[in-house]
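Analysis of the macromolecular model
Given next are the chains, with one letter for each unit.
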Amino acid sequence: MKTTKTMTRVLSVGLTAALGASVLSACAQQAGSDEDTTERTLRIATLSGYGSDDEWFRQQYTELFEFANPNITIEIVPAVDYSKINWNAGEQAPNPQEELKKMMQGPNPPDLVALDLSYLPDLINENLLKPLDPLITADKFDTSKIVPTVIEGIKEAAPDGKLYALAPLFSSTALFYNKKLFMEAGVPFPTDGMTWDQIFDLARQVARGEGNDRKYGFAFTNYQYSDPFWEMSVYTQPLQLSYYDPSGDKMAVDTDSWEKVWRTIADLQQEGIIPGQPNYEEMPMREYNGPYDWDNFLSGRLAMVIGYYYFVNELINANRTAETDENYDGVDWDVVTMPVHPEYPGIGGSISLQAMMGINANAQNPDDAWKFLKFLNGDDWARLKSRSQSMLVSNVDYLQPKEGLDYNISAFYQLKPAPAVMEDSSMWLRYPNLYMVQSI
């Protein structure tokens, strides 16, 4: 057995090396066909960093491009360099969004900017990002390979619905379910495209037991000591419900829509369908019966849970533990799309974009900036990164389940993400204690 495992590891390493070599070879061919050998610098601004030579960022996103284009040197410039802040003297970090905007309009502006999706509307409204649609059309860059979850999520964040950035990696939410609990209750498994009410109905059918033996039907998070109030934004965001009006000057919860939300969640909690608020007084007396007792889903106490893609890793690791731990049985699981509201079909869940970048409207080197974006979102890069441990590649041609498993990976990219609830970005600066309202 040890020999077989050793051979498997050697083969795995060999295949990874071969894959990397294949990509590097393709990159080298691309570099060799580039007639322009003029030495150039491509500047990429990041929202934060610890000096200009950010090792992790280079390893993840720029080294392959520099190998393929030896005449182009990439310079990474952080909008906020936290290593230069004197925390001991009480110095406060500046607003990264404002610092990025200053840099983009400064005397030596960056060519590309790595940014969060929430920053996109502001930068577009101030004409600081170059629209990508004309470049895509001119170069016939195939955006049909980019999963709708990513491409539509970026477009819908733009005030004009156009494309101003691309992201090669993403993670999104889906509904994980425990097959064993459904089979024991004689209830059919959830399926893609179900509504929230349908999921809550399944949850009522599968929930059973009392006290510490209670099996819950659904939860917004797998962690045992959580409060549904703080986790239910995935339910309210598609409805565009906010606690405050866009300016933050007034509350906005005294509506029929909010009352329906409060009643739905409160009823589910009172019925014992979803876990309620933790009883902190009972925690010291609780008996722990397994390595994942703190996790309602991994411990087998929860039939369905909302989770990001990285939860797949936790499930894989937990089932490995079950192979050697006689006190733990593991989880027989699969995943389906997020539930949807009937009035907003095809929309559900949240998305996290990694390495989303746009071209500065004031870029000094816009051609190389576009060349880099095409490379980072192209086939060769996706082929190499498709085995990412916590994120999915945005290129649908290279999306596949981890480690030869057979779970429903398409559940993570069938739906469009729920648009962010629009707020005045200065609201939290004007009212720094606004969080206290939510606590109450």
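Please refer to the structure higher up on the page.
A few points on the structure.

**Notes on the overall build of the protein**
Each helix and strand in the protein was counted, giving 16 helices and nine strands. Taken over 440 residues, the protein has a buried fraction of 47%. Residue pairs in contact within the protein that sit at least 24 positions apart in sequence constitute 75% of those at least 6 positions apart. Summed over all atoms, the accessible surface of the protein reaches about 22,300 Å², with 50% contributed by carbon and sulfur.

**Considering the nonpolar core**
Residues Leu120, Val150, Ile154, Phe176, Phe297, Met357 and Phe372 are the most contacted members of the largest nonpolar core, which totals 86 residues. Ranked by residue count, the leading element in this core is helix α13 (residues 366-376), at six residues. Residues in contact with phenylalanine 297, not counting those within four places in the same chain, are Phe176, Tyr177, Asn178, Asn222, Leu302, Ala303, Met304, Val305, Phe311, Leu315, Val331 and Trp333. Tyr177, Trp196, Leu241 and Leu415 belong to the second-largest nonpolar core, a separate cluster that totals 37 residues.

**Observations regarding α13**
Counting along an α-helix, one turn takes 3.6 residues, and residues three or four places apart therefore face a common direction. Among the eleven residues that make up α13, eight are buried, leaving the element largely enclosed by the rest of the structure. Among all positions in α13, only Asp368, Ala369, Trp370, Lys371, Phe372, Leu373, Phe375 and Leu376 are buried.

**What to know about helix α8 (residues 196-206)**
Among the residues making up α8, those that are buried are Trp196, Ile199, Phe200, Leu202, Ala203 and Val206. Down the axis of α8, the buried set is contained in an arc of 155°. They therefore lie on one face.

**Concerning the environment of alanine 318**
Of note, alanine 318 is situated in helix α12 (residues 311-322). A residue is classified by how much of its surface remains accessible, and alanine 318, at 0% relative accessible area, is buried. Each C-alpha atom of the pair alanine 318 and glycine 330 lies 6.1 Å from the other, and the pair is twelve residues apart in sequence. Apart from residues no more than four positions distant in its own chain, alanine 318 is found in contact with Tyr292, Leu298 and Tyr328.

**Regarding the packing of aromatic side chains**
One pass over the structure, following the stated rule, counts 32 aromatic pairs. For the pair phenylalanine 65 and phenylalanine 375, a centre-to-centre distance of 5.7 Å together with 70° between the ring planes defines the contact as edge-to-face. Highlighted residues: phenylalanine 65 in helix α2 (residues 55-68) and phenylalanine 375 in helix α13, separated in sequence by 310 residues. Its relative accessible area of 7% is what places phenylalanine 375 among the buried residues.

**Focus on unusual backbone geometry**
Outside of glycine, negative phi angles account for most residues, and trans bonds account for most peptide bonds. The phi dihedral of lysine 140 falls on the positive side, at around 55°, and the residue is not glycine. Here lysine 140 is to be found in the loop between α5 (133-139) and α6 (148-157). The exposure class assigned to lysine 140 is exposed, which follows from its relative accessible area of 74%. Residues other than glycine seldom take positive phi values, yet alanine 355 does so here, at roughly 60°. Mapped onto the fold, alanine 355 is located in the loop between β7 (351-354) and β8 (357-359).

How each quantity is defined
Residues numbered from 1 in each chain as written. Predicted model: local features only at pLDDT ≥ 70, side-chain atom pairs only at ≥ 80, totals over all residues. Heavy atoms only, no water. Helix = DSSP H or I, 4+ residues; strand = E, 2+ residues; numbered from the N terminus. Buried < 20%, exposed > 50% of the residue type's maximum accessible area, 1.4 Å probe, protein only. Contact = heavy atoms within 4.5 Å. Areas by Shrake-Rupley, 256 points an atom, 1.4 Å probe, with all protein chains shown as cover. Core = buried A, V, L, I, M, F, W, Y, C linked by side-chain atoms within 4.5 Å. Arc of directions from axis to C-beta. Phe/Tyr/Trp six-rings, centres within 6.5 Å; stacked < 30°, edge-to-face > 60°.

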